[in-house]
Amino acid sequence: MKAVISIENLASSVVVTLWTPLFVGTFIAIVVYALWPRNKRRFDSAARLPLRRD
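Cut-offs used in this document
Residues numbered from 1 in each chain as written. Predicted model: local features only at pLDDT ≥ 70, side-chain atom pairs only at ≥ 80, totals over all residues. Heavy atoms only, no water. Helix = DSSP H or I, 4+ residues; strand = E, 2+ residues; numbered from the N terminus. Buried < 20%, exposed > 50% of the residue type's maximum accessible area, 1.4 Å probe, protein only. Areas by Shrake-Rupley, 256 points an atom, 1.4 Å probe, with all protein chains shown as cover. Patch = residues over 30% accessible without salt bridge, like charges linked within 9 Å, V, L, I, M, F, W, Y side chains within 5 Å. Salt bridge = Lys/Arg side-chain N within 4 Å of Asp/Glu carboxyl O. Phe/Tyr/Trp six-rings, centres within 6.5 Å; stacked < 30°, edge-to-face > 60°.

Caption draft 1: Focus on the overall build of the chain. In terms of regular secondary structure, the chain is built from two helices and zero strands. For the chain, the residues scored as buried account for 2% of the 54 residues in total. Summed over all atoms, the accessible surface of the chain reaches about 5,600 Å², with 69% contributed by carbon and sulfur.

Here's what the structure looks like:
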């Protein structure tokens, strides 16, 4: 049997090997940023914005 290399197989390979780890790393970076203790005051302040009366 011959291995058939097509554009679909190549594109699928590129997506799995490059984009998936990139998106996983981006997701982890966002979660770390959101849970970092230094940002707690900023996020708490933003959470109270809709309830604030001006």
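Caption draft 2: Region of the structure containing a nonpolar patch on the surface. A surface patch of nonpolar side chains, about 760 Å² in accessible area, is lined by Leu10, Val14, Val15, Val16, Leu18, Trp19, Leu22 and Phe23. Position of Leu10 relative to the elements: it lies in helix 1 (residues 7-35).

Caption draft 3: Focus on the packing of aromatic side chains. Under the criterion given, the structure shown has two aromatic pairs. Seen in terms of ring centroids, Tyr33 and Phe43 are 5.9 Å apart; in terms of plane orientation they differ by 85 degrees. Their pairing is edge-to-face. Taken together, the residues span a long stretch of sequence, with Tyr33 in helix 1 and Phe43 in helix 2 (residues 40-48) at a distance of 10 residues.

Caption draft 4: Examining the pattern of salt bridges more closely. In the structure shown here, the tally under the stated rule is one salt bridge. Note that Lys40 and Asp44 form a salt bridge whose closest N and O atoms lie 2.9 Å from each other. Placement of both Lys40 and Asp44 in helix 2 is noted, with a separation of four residues, approximately one turn of the helix.

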